[in-house]
Amino acid sequence: MRDAAPKTIYLSDYKPFGYDVDAVELTFDLQPNATRVKSRVAFVPKPEADGSFFLHGEQLKLISAQIDGRPVSPELSEQGLSCQVPQTPFVWEAEVEIDPAHNTALEGLYMSNGMYCTQCEAEGFRKITYYPDRPDVMSVFTVHINGPHPVLLSNGNPVTRGDGFAEWHDPWPKPAYLFALVAGDLVAHPDDFTTKSGRKVDLNLYVRPGDEGKCAFGMQALKASMAWDEEEYGREYDLDIFNIVAVDDFNMGAMENKGLNVFNSSAVLASPETATDMNFERIEAIIAHEYFHNWTGNRITCRDWFQLCLKEGLTVYRDSQFTSDMRSAAVKRIRDVIDLRGRQFAEDQGPLAHPVRPESFQEINNFYTATVYEKGAEVIGMLRRLVGADAYSKAVDLYFERHDGQACTIEDWLKVFEDATGRNLDQFKLWYSQAGTPRLTMKEAWDKGTYTLQFTQKLKPSETTPDPQPQVIPIVAGLLFPSGKEAVSDQVLELTEATQSFSFEGLKERPIPSVLRGFSAPVVLENTLTPEHAAFLLAHDTDPFNRWEAGRSLAKANLLNMIRNGSEPDESYLSGLGTVLADRSLDPSYRALMLGLPSQSDLATALFDAGDVPDPDAIWTACETMGHAQAGHLKDILPILFEENQVAEAYAPNADQSGRRSLANASLWLLSLTDGLDRARAQFETADNMTQQLTALSVLLRAQDGASELRAFETQWSSDRLVMDKWFALQVVQAPPAEVSATALALTAHADFNWKNPNRFRAVFGALASHHPGFHSASGAGYNLLADWLIKLDPINPQTTARMCAVFQTWRRYDTGRQAHARAALDRMLAVSDLSRDTTEMLERIRGDSI
């Protein structure tokens, strides 16, 4: 039977918990099917306490409960328990029994390949014991662990340990969602770090036996993150030990539990032979992100889950700064914008749209979204752009000083900026409350040495934002003379009105504008680049993002014409591309990005926004045609780029080598279209690292000529679960559109397809959803296959199921036939009688009001 209709929770209904928690003591007696958890919690009533006492708890077997040593009989419900309590300080004690071995939802305490581990964010702690499981209840934790395991870990610092037991104490108050426990047969990769103040911190990366050779880079990234946070934000680590544990079964990328980070193994384990350059960069960023949470998330946390963007948006912004410093800032910015447009703009434009800080939710797990994370980070970036780097640093220092040890709100965050800078941020705050992507139009005027730009901003009304108001939009602009020389360098134009003009005086000749440099705000800039304007910026713009954007604009316009009219690829775009590729002063990774085309989903969105009905097959054909045109036009330079960017020295996942490999491999892709597959086959056979081997295999599979290499790859890597995830995904991604669903279905019959493992499930079905013409097949096969497996997965892992449902959010933009297939798939899932609360909410939002 389906869960009872979920209750909608509103930000406006927030009410503080009526009790402070002085201290928490937990004792775990670990058994796979019958773990006992004893809790001892010291509660102190607040003056405003009204006598009601409720503790969250789900899927718990209550053994006993006491208050001040006297047995009590609380009233139990599916959500927790209620009990009469004294109006003076008291000690609550309870003993519960839980079943980690059968906890397939991977929330609370569960088992992964014989190892115990936890995931408590957002509301998993209530599946461990009865407790006020909310982020504004912070306390000091002491944890005792009893179990027959060589490694027994929890938060904080170790107090004592021995054969079959360990005690940990975390001196820093934290909410329950940051609690962590790990127990198992693990091997430590140890190191240490000396803080700026001279304090030694022991570091450990715990892995399963056999994974020891994949730890070095993760440890290097951790130490780099610790040093960077000291240097850039003045934040030192605050415990004696920092532990990371790699776990195979994990719903997300990683979790920032205080002093004991738990990582999806794919987000921390890497070696040159098993991980690609992009894997290394992702690992570096995720380790930084989770470490940075120690201050922006742990020491200062969020008052309630509506404030999730406070910790996540700020920490995503910080990890983006870190990656920009470690690697190419321009390339990082471009990749961030590609991701933002691909994921967050889609949310803003569809049924899953919500503000950066939502006003309501039913299931908080469904709001770990690109809007909260990536758009939240963009809001932080805009704030820094508006106040300046020095004022930003001053305000953030005040934030740490004023709110350390507190659970805060967006209002607290903005108030420190107002106090530090003297600015009124009431209008800026609209970025947190208005859903949707603002759209800007621009007009130019030239009059006797004065050049004027006029901008108009619009935000489409929505259910959550029925009457949108003008927002503060920082537009970084520069002007170029027709010679290519810069007439006006970067200026921040603060757009605060619906329509507003900005003038530049004293110019000798009419300039060419370069606006929204560095993608200074998460907006859509409409009708700005004629082909001539874009070609000029591609050749001369001094801003690397806008130079890339000009090339992307030309490619996009050309592809849209090809899709609509069957026109041929434009020679001026191809010539401009060749000029950029030949410029050796440019970073190889930047030139590789220049070769990339807009995503097929991006093209579908552009067509839909213009009033057209996107045809996934026509989009696929146009992109294939453009790829061949690039290969033909660049036939002379591609072999040179391929050869001169080969890396002869020993593999290193640094920015220099990664950039050279990315340009050589981008060239290989195009060379395979016109010059045969010999290079790809030779690269596969001689590759000494996964980047080269996987790229070569991808090229061969795309050409439908890699069957023997695919078998060889499987034979070589059959015992490595992370590499086999790549093997599964690659076959779906590179399949011809008509064969995508059949390929995915066949892979589900493979002996190594463990559909209960989130990484393996996403390897197949995430790849299916990302294949634009394959998933959106006119036959409906892609929709139906994914619906079949989501129905199967939901009772096992609601969280992963619900998040995968988001791939259906664009279903209304396609033709009536595809809409009918998608609607039938959605309705079939919604008809399941015992569908989880997580998945029900997602599907109902996607399906819309016509259910």
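Structure first, text after, so check above.
All values reported here derive from a predicted model rather than from experimental measurement.

K.L.:
What am I meant to see in the nonpolar core here?
P.N.:
Most often, soluble globular proteins have nonpolar side chains that are buried together. Among the nonpolar cores identified, the biggest contains 273 residues, and Trp-92, Trp-413 and Phe-428 are the most heavily contacted of them. Other than its neighbours up to four places away in sequence, Phe-428 contacts Val-379, Met-382, Leu-383, Leu-386, Leu-414 and Val-472.

K.L.:
Just to check I follow, could you spell out the pattern of salt bridges for this structure?
P.N.:
A side chain of one charge can pair with a side chain of the opposite charge when the charged atoms of the two come close. Using the criterion set out here, one finds 61 salt bridges in the structure. Lys-127 is paired through a salt bridge with Glu-107; the nearest N and O atoms lie 3.5 Å apart. Linking Lys-127 in the loop between β11 (115-119) and β12 (139-146) with Glu-107 in the loop between β9 (90-98) and β10 (108-112), this pair joins segments that are 20 residues apart in sequence. Taking the relative accessible area as the measure of exposure, Lys-127 reaches 13% and is therefore buried. Counted as one network, the salt bridges with shared partners bring together Glu-58, Glu-123, Arg-126 and Asp-133.

K.L.:
Honestly, helix α12 (residues 588-595) in this entry has me stumped. Any pointers?
P.N.:
In an α-helix, one turn spans 3.6 residues; hence positions three or four apart end up facing the same way. Of all eight residues that make up α12, eight are buried, and the element is covered over most of its length. Every buried residue of α12 is listed here: Pro-588, Ser-589, Tyr-590, Arg-591, Ala-592, Leu-593, Met-594 and Leu-595.

K.L.:
Mind showing me how you'd approach the packing of helix α4 (residues 329-349) against α12 here?
P.N.:
Helix-helix packing is described using two parameters, namely the angle between the two axes and the distance between the axes. At their nearest, the axes of α4 and α12 sit 9 Å apart, and the two run at 30 degrees to each other. Between α4 and α12, the angle is such that the two are roughly parallel. For the pair α4 and α12, the sense of crossing is left-handed. Residues Val-331, Ile-334 and Arg-335 of α4 form the contact with α12, whose own contacting residues are Ser-589, Tyr-590 and Leu-593. Split by residue class, the contact of α4 with α12 holds four nonpolar, one polar and one charged.

K.L.:
Got a minute to help me understand the side chain of Thr-437 in this structure?
P.N.:
As for its position among the elements, Thr-437 is in the loop between α8 (430-433) and β25 (439-447). Within the structure, the side chain of Thr-437 is placed 2.8 Å from the side chain of Asp-348, a separation counted as a polar contact. Ignoring sequence-local partners within four residues, the contact set of Thr-437 consists of Gln-344, Phe-345, Asp-348, Lys-458, Leu-459, Pro-522, Val-523 and Val-524.

K.L.:
Any chance you could explain the pairing of strand β16 (residues 181-184) here in plain terms?
P.N.:
Side-chain positions along a regular strand alternate between the two faces of the sheet. Of the two faces of β16, the one holding Leu-181 and Ala-183 and the one holding Val-182 and Gly-184 are both buried throughout. In this structure, β11 lies alongside β16, joined through two bridges in antiparallel fashion. Among the inter-strand pairings, Tyr-116 is bridged to a residue of β16, identified as Ala-183. Strand direction decides the pairing type here: strand β13 (residues 151-154) and β16, joined by four bridges, are antiparallel. From the neighbouring strand, Ser-154 faces β16, where its bridge partner is Leu-181.

K.L.:
When you look at the sheet that holds strand β17 (residues 187-194) in this model, what are you seeing that I'm missing?
P.N.:
Each strand in a sheet pairs with another by means of backbone hydrogen bonds, the pair being arranged parallel or else antiparallel. If you trace the five strands from one edge of the open sheet to the other, you get β17-β18-β19-β21-β20, paired in mixed fashion. Edge positions in the sheet fall to β17 and β20 (254-255), since each of these pairs with one other strand and no more. Taken together, the five bridges between strand β19 (residues 241-247) and strand β21 (residues 260-264) define a ladder with parallel strand orientation. Paired with Asn-243 across the two strands is Leu-260, which belongs to β21. Its contacts with the sheet put helix α2 (residues 277-292) on β19, β20 and β21, and the angle it makes with β21 is roughly 150 degrees.

Analysis parameters
Residues numbered from 1 in each chain as written. Predicted model: local features only at pLDDT ≥ 70, side-chain atom pairs only at ≥ 80, totals over all residues. Heavy atoms only, no water. Core = buried A, V, L, I, M, F, W, Y, C linked by side-chain atoms within 4.5 Å. Buried < 20%, exposed > 50% of the residue type's maximum accessible area, 1.4 Å probe, protein only. Contact = heavy atoms within 4.5 Å. Salt bridge = Lys/Arg side-chain N within 4 Å of Asp/Glu carboxyl O. Helix = DSSP H or I, 4+ residues; strand = E, 2+ residues; numbered from the N terminus. Axes fitted to C-alpha atoms, helices over the stretch in contact; angles between N-to-C directions. Parallel < 35°, antiparallel > 145°, perpendicular 65-115°, else oblique. Left-handed = near helix turned anticlockwise from the far one by under 90°. Nonpolar A, V, L, I, M, F, W, Y, C, P; charged D, E, K, R; others polar. Polar contact = N/O pair within 3.5 Å; in protein donor to acceptor, adjacent residues only side chain to side chain. Pairing = 2+ DSSP bridges.

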